[in-house]
Amino acid sequence: MDIRALRYAVTLAEELHFGRAAQRHYISPQPFGRHIQRLERELGTRLFERTSRRVTLTPEGELLIAEARALLTTVDSLAEHRHGRPTTDEKLLTLGVLGFGLAERWPDLTEAMHSQEPDIAFSYAELDLADQYEAVRSHRVDVGIVQYVGPVDGLVFEHALTMPRVVVVPARSPLADADRLTEADVSDSPWLPTALAHPALEAWSGPAADGSHSRGALRHPAAIPGAVATTGRIALHAEAAGRFYPHPDVRFVPLDGPPVEIAVATRATDDRHVIAAIRHATRLLGRVR
């Protein structure tokens, strides 16, 4: 039996909606549904009743989900133990950072963390738009500074920072002189394809999501301004990009729509004291503007 299918079944039992459940695992509903059907065939029973309006658990499904939750708790605990560090090294964590991370707020967060854990230290890894969540879930990094667009199964997010979004346009473009743009203003412009693995990230991106699954889609936020200048296409970014990635041949123009939410992500099963301290420090950061 596939452990992944059990995870999907537990998520579906929580959401009772195939689209929302699939989104938490950042896959589309069709392959998600096939995993559920395959699991039901292996077990020889229906776990969920589906109608055009609702999804409900069958009595057999309720029993299976209870057993699956217990099994997955054991599996996740074993994974944490397997990937755990020796006691002498438990305060050295791998921090994955997407783009500019927390921008100018990083010193504030480190000060809050060190007030609780003076000896905490980080090694750094660069995240990209496509693997920012999976890097944390798969233990490649202990903590991730990521863009938050909604729940991701297996992760805990602490909100850290909100900033307006901007559209990066070539300096020679007629859009470059605008004080502010709307999605309607830029919907017909050629967009630079950027890798967006999570369906909610695609929804947040609006017209910029076109080409997000293409082979040459950009994965690193730092590369976007240079690519815009080179290709003449436009792209989404966060307001801080104008300070961290300035480029003489592009302009960063405010764009109406949902802001950029930046969060600190950790694994839901990671109960180490240092991780609790990071979560608490991030909550403190969110209260201080």
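Caption draft 1: Region of interest: unusual backbone geometry. Positive phi outside glycine occurs at A103, with the angle close to 55 degrees. With respect to the element layout, A103 can be found in the loop between β3 (92–98) and α5 (106–116). A residue is classified by how much of its surface remains accessible, and A103, at 10% relative accessible area, is buried.

Caption draft 2: Spotlight on the sheet that holds strand β9 (residues 250–254). In spatial order, the strands read β8-β7-β9; together these three strands make up an open sheet with antiparallel pairing. Bordering the open sheet on either side are β8 (235–238) and β9, each of which pairs with just one other strand. Across this sheet, the average inter-strand angle for adjacent strands is 40 degrees, counted without regard to direction. When strand β7 (residues 165–170) meets β9, the two strands line up antiparallel, connected through five bridges. Among the inter-strand pairings, V169 is bridged to a residue of β9, identified as R251.

Caption draft 3: Highlighting helix α1 (residues 3–15). The end-to-end C-alpha separation of α1 is 19 Å, in line with the 18 Å expected for 13 residues at 1.5 Å each. Listing the buried residues of α1 in full gives A5, L6, Y8, A9, V10, T11, L12 and A13. Within two residues after α1, L16 carries a phi angle of roughly 50 degrees, on the positive side.

Caption draft 4: Focus on the nonpolar core. Core analysis: the largest hydrophobic core is formed by 59 residues, its most contacted members being L93, F100, F157, M163, V167, I262 and I278. For I262, the contacting residues outside a window of four places in its chain are F100, G101, L102, I145, V146, H159, A160, L161 and M163. A9, V10, A22 and F48 belong to the second largest nonpolar core, which has 20 residues in total.

Caption draft 5: How the structure looks around the pairing of β8. Here β8 shows no split at all, with A235 and H237 on one side and L236 and A238 on the other all buried. As paired strands, β7 and β8 are joined by four bridges and run antiparallel to one another. Each residue of the ladder has a partner; that of R165, found in β8, is A238.

Caption draft 6: A look at the sheet that holds strand β6 (residues 155–163). The sheet built from five strands is open, its strands ordered β4-β3-β5-β10-β6 with mixed pairing. Whereas interior strands pair on both sides, the edge strands pair on one side only; in this sheet they are β4 (121–127) and β6. Sheet twist, expressed as the mean angle between neighbouring strand axes with direction ignored, is 25 degrees. Direction of pairing for strand β5 (residues 143–147) relative to strand β10 (residues 260–267): antiparallel, over a ladder of four bridges. Residue pairing in the sheet places Q147 in a bridge with I262 of β10. Of the strands in this sheet, β3, β4, β5 and β10 are in contact with α5, which crosses β4 at around 145 degrees. In this fold helix α11 (residues 273–287) packs onto β3, β4, β5, β6 and β10, with an angle of close to 30 degrees to the strand it touches most, β6.

Caption draft 7: Focus on the packing of α1 against helix α3 (residues 29–43). Packing of α1 against α3 brings their axes to within 9 Å, and their N-to-C directions diverge by 105 degrees. Here α1 lies roughly perpendicular to α3, going by the angle between them. Contacts between α1 and α3 involve R4, A5, L6, Y8, A9 and L12 from the former and F32, H35, I36 and L39 from the latter. Considering only residue class, the contact of α1 with α3 consists of eight nonpolar, one polar and one charged.

Rules used throughout
Residues numbered from 1 in each chain as written. Predicted model: local features only at pLDDT ≥ 70, side-chain atom pairs only at ≥ 80, totals over all residues. Heavy atoms only, no water. Helix = DSSP H or I, 4+ residues; strand = E, 2+ residues; numbered from the N terminus. Buried < 20%, exposed > 50% of the residue type's maximum accessible area, 1.4 Å probe, protein only. Pairing = 2+ DSSP bridges. Axes fitted to C-alpha atoms, helices over the stretch in contact; angles between N-to-C directions. Expected span 1.5 Å × (residues − 1). Core = buried A, V, L, I, M, F, W, Y, C linked by side-chain atoms within 4.5 Å. Contact = heavy atoms within 4.5 Å. Parallel < 35°, antiparallel > 145°, perpendicular 65-115°, else oblique. Nonpolar A, V, L, I, M, F, W, Y, C, P; charged D, E, K, R; others polar.

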